[in-house]
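Structural characterization, general
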2 protein chains.
Amino acid sequence: MKIAIDAMGGDYAPAEIVYGVIESAKKHQDVLFALVGDENKIKEHINELPKNITIHHTDEVIEVDEEPVRAVKKKKNSSIVVAAKLVKEKQAQAMITAGNTGAFMAAGLLVIGRLPGVARPALAPVFPSKGGKGTMVLDVGANMDAKPEYLLQHAILGSIYMNKMLGIQSPRVGLVNIGSEAGKGNELSKAAYQLLEQASINFVGNIEARDVMADKCDVLVCDGFTGNILLKTAEGVASTIFGTLKSEIKKSLIAKIGGFILLPTFKTLKGKLDYHEYGGAPLLGLNGACIKSHGSSDRRAIMNAIEQTMTFINNNTLEEMTRELTNRSEVVE
Amino acid sequence: MKIAIDAMGGDYAPAEIVYGVIESAKKHQDVLFALVGDENKIKEHINELPKNITIHHTDEVIEVDEEPVRAVKKKKNSSIVVAAKLVKEKQAQAMITAGNTGAFMAAGLLVIGRLPGVARPALAPVFPSKGGKGTMVLDVGANMDAKPEYLLQHAILGSIYMNKMLGIQSPRVGLVNIGSEAGKGNELSKAAYQLLEQASINFVGNIEARDVMADKCDVLVCDGFTGNILLKTAEGVASTIFGTLKSEIKKSLIAKIGGFILLPTFKTLKGKLDYHEYGGAPLLGLNGACIKSHGSSDRRAIMNAIEQTMTFINNNTLEEMTRELTNRSEVVE
């Protein structure tokens, strides 16, 4: 097994990426790692290169403000494009990046390409859920304008993921909607409802956005625009609540004492709500395992993403996806 | 000035609705109030009827699970339909309800009707914003599938509302989108961006959902599906955070003490985050002032909604909307 890692992407690259890969490489000596990026900069953080790590030198950098598709087409020697190429050429089974999400999605689609039966890939983080194993939301931004059949394909991909990765026997699939009753919603959600209801998946119906963390389903589908709004609203509200709480606590000595006492409770709470704790977000529907680790990934996050990727590969997740998508009569590309 | 109030809508109807109206009627003896609902049930809560309140008896009830449009068409003697009729027939300038949102929107559209230049009305609550006067989000559910021109009309309506009601000189208008740069988003948001940029409004560009409470704009437009997701996600995340916090605090004595000390802080925080504190949600674009008070309205909430409605009428908000929408060349119905 070989995993390609973009050494240059993320807020703490390359140092933390390199440290994470070295730790994982020591732990899993039977796995090969390809560190992709500026060789000199990578080597600054390595005393002795473990035998199962190779460095693939790249010298181009995709800037944050570049238009992703154009950047990926132009900068063929950027770390993210080269990592994707390793997957495309079957030199690696998987790629991991903590870099630019737009460039990651563009490289996935343009360089690696889709699985048969998949019209569009989906970026699919797992949201925390109260008392549950988490809910995979797909798509959160790979496709802005979706068609009902994309949502069905994503429901299948998500179901296989949650089954293979978390052992959920018959993952419950929900559809993001404005009400729980059938017949609610916009044109897309109404049409998707029909399609999902007829498919041989465990469709549990519409899920309102207020229940996204209520463990009502294991897989939650929507178009990428809606998913992005859902994800970002959740982030924004959580950060507003914790920020306001902090500034309210600062206003009096007695509140400061209360805040101090509750510090461990707040920490536990933050951990429970942080979807990054549930690992990186896979980009599902591509012909390879592609994981987006969050931008602020430290070595621990990278190690977690590597474990997640190994489980993905070891459980033959991609093969199962290919099989399901090509065998199901309801899937029309 | 006469205000029609649906006495039968809401969790605490008719008692709390009636109490709120009586208080307001005593305070504002120059304003007339029409209490619409079951006369016997209303009278149970009244010792002496103030002279400026009249009761309009109705005997039909729209149930929670009824399809709104059908219910409004069929149950012509339900409190919400009769209240809307009073506005339509100019017997009242405004209506307030704490009842079924769907029935309210249907009654507004079918009975009261739209202002000239408005293709679709918008349900428009004001979200709390950090340090600001709040951000009006429209639409949060009146129209599932929007066209770019609806968003422009809503931007104009929202701007006039925030100017007339909160005294904001040149309200900043934002567009809900997945990124701050121009050219981002789905087909609707891309087209709406062009339209908003060219209009003579104070357009400040795309606003990411994570910044909805960050006081980046005074008016935020999106289609009703997106707005609903935004609103419900915010509600759901806030309730999950407070719920989890509560159960975490219960886990140890020391945390309970911390929680007890911080009780007033939590209360302040909840108040700051509660968009209901910002008044009822107007349904803008109708030929009358229509306010949706929240379902759990008590007498205080009803009194607040009445104050809000009086400001709406006293500041000639509707006349200004009519003028702007008919005079602007960029508005195409």
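Only a predicted model underlies this, so the values are computations on that prediction, with no experimental measurement involved. (Residues numbered from 1 in each chain as written. Chains lettered and ligands numbered in written order. Predicted model: local features only at pLDDT ≥ 70, side-chain atom pairs only at ≥ 80, totals over all residues. Heavy atoms only, no water.)

Considerations on the relation of the copies chain B and chain A
You can overlay chain B on chain A at an RMSD of 0.0 Å; the transform is a turn of 180° with a shift of 0.0 Å along its axis. Viewed as a symmetry operation, the transformation between the two copies matches a two-fold axis. Closest approach to the rotation axis among the C-alpha atoms of chain B is made by B:Gly258, whose C-alpha sits 2.2 Å away. Looking at chain B, 100% of its interface residues are interface residues in chain A too, so the copies touch through the same face. (Least-squares fit on C-alpha atoms with pLDDT ≥ 70 in both. Contact = heavy atoms within 4.5 Å.)

Looking at the packing of helix H9 (residues 253-261) of chain B against helix H10 (residues 263-273) of chain B
All names here are of chain B. Where H9 meets H10, the closest approach of the two axes is 4 Å, and the angle between their N-to-C directions is 55°. Put simply, H9 runs oblique to H10. On the side of H9, the interface is formed by Gly259, Phe260 and Ile261, while H10 contributes Leu263, Pro264 and Phe266. Class assignment of the residues belonging to the contact of H9 with H10 gives a composition of five nonpolar, one polar and no charged. (Axes fitted to C-alpha atoms, helices over the stretch in contact; angles between N-to-C directions. Helix = DSSP H or I, 4+ residues; strand = E, 2+ residues; numbered from the N terminus. Parallel < 35°, antiparallel > 145°, perpendicular 65-115°, else oblique. Nonpolar A, V, L, I, M, F, W, Y, C, P; charged D, E, K, R; others polar.)

Overview of the domain arrangement of chain A
All names here are of chain A. In terms of domain boundaries, chain A breaks down into domain 1 (2-117 + 285-324) and domain 2 (123-273). On a C-alpha basis, the centres of domain 1 and domain 2 stand 26 Å from each other. Listed as interface residues are 15 residues of domain 1 and, on the opposing side, 10 residues of domain 2. The largest contributions to the domain 1 side of the interface with domain 2 come from Met105, Asn315 and Met321, which together make up 37% of the buried area. At the boundary of domain 1 with domain 2, the tally comes to zero salt bridges. The tally of links between domain 1 and domain 2 comes to three residue pairs in polar contact (both at pLDDT 80 or more). Of all elements in the fold, only helix H5 (101-112), helix H11 (299-314) and helix H12 (317-327) reach the threshold of two or more residues within the side of domain 1 that touches domain 2. The element contributing the most residues to the side of domain 1 that touches domain 2 is H12, with four residues. Class assignment for the residues of the side of domain 1 that touches domain 2 results in four nonpolar, eight polar and three charged. (Domains from an automatic or database assignment. Buried area = accessible area lost by both parts, 1.4 Å probe. Salt bridge = Lys/Arg side-chain N within 4 Å of Asp/Glu carboxyl O. Polar contact = N/O pair within 3.5 Å; in protein donor to acceptor, adjacent residues only side chain to side chain.)

Section: the pairing of strand E12 (residues 289-292) of chain A
All names here are of chain A. Of the two faces of E12, both are covered, the one formed by Ala289 and Ile291 as well as the one formed by Cys290 and Lys292. In terms of strand pairing, strand E11 (residues 281-284) meets E12 through two bridges, oriented antiparallel. Of the residues in E12, the one forming a bridge with Ala281 is Lys292. Once E11 ends, the chain turns through four residues before running back antiparallel as E12, passing Gly285 with a positive phi of about 105°. (Buried < 20%, exposed > 50% of the residue type's maximum accessible area, 1.4 Å probe, protein only. Pairing = 2+ DSSP bridges.)

Comments concerning the sheet that holds strand E2 (residues 32-37) of chain A
Residues and elements named next belong to chain A. Spatial ordering of the open sheet is given by E3-E2-E1-E4-E12-E11-E5, a layout of seven strands whose pairing is mixed. In this open sheet, the two strands that pair with only one neighbour each are strand E3 (53-57) and strand E5 (122-123). The pairing of E2 with E3 spans five bridges and is classified as parallel. In the strand pairing of E3, Gly37 is matched with His57. Lying over the sheet, H11 contacts strand E1 (2-6), E2, strand E4 (94-97), E11 and E12, oriented at roughly 160° with respect to E4.

Digging into a nonpolar patch on the surface
Residue and element names in this part refer to chain A. Side chains of Val69, Leu109 and Leu110 sit close together on the surface and give an oily, nonpolar patch of about 220 Å² of accessible area. By the secondary structure assignment, Val69 is in helix H3 (residues 68-74). You can call Val69 partly exposed: its relative accessible area is 34%. (Patch = residues over 30% accessible without salt bridge, like charges linked within 9 Å, V, L, I, M, F, W, Y side chains within 5 Å. Areas by Shrake-Rupley, 256 points an atom, 1.4 Å probe, with all protein chains shown as cover.)

As for the environment of A:Leu286
Secondary-structure assignment places A:Leu286 in the loop between E11 and E12. For A:Leu286, the residues in contact, after removing those within four places along its chain, are A:Gly108, A:Leu109, A:Ile112, A:Gly113, A:Arg114, A:Leu115, A:Pro121 and A:Leu318.

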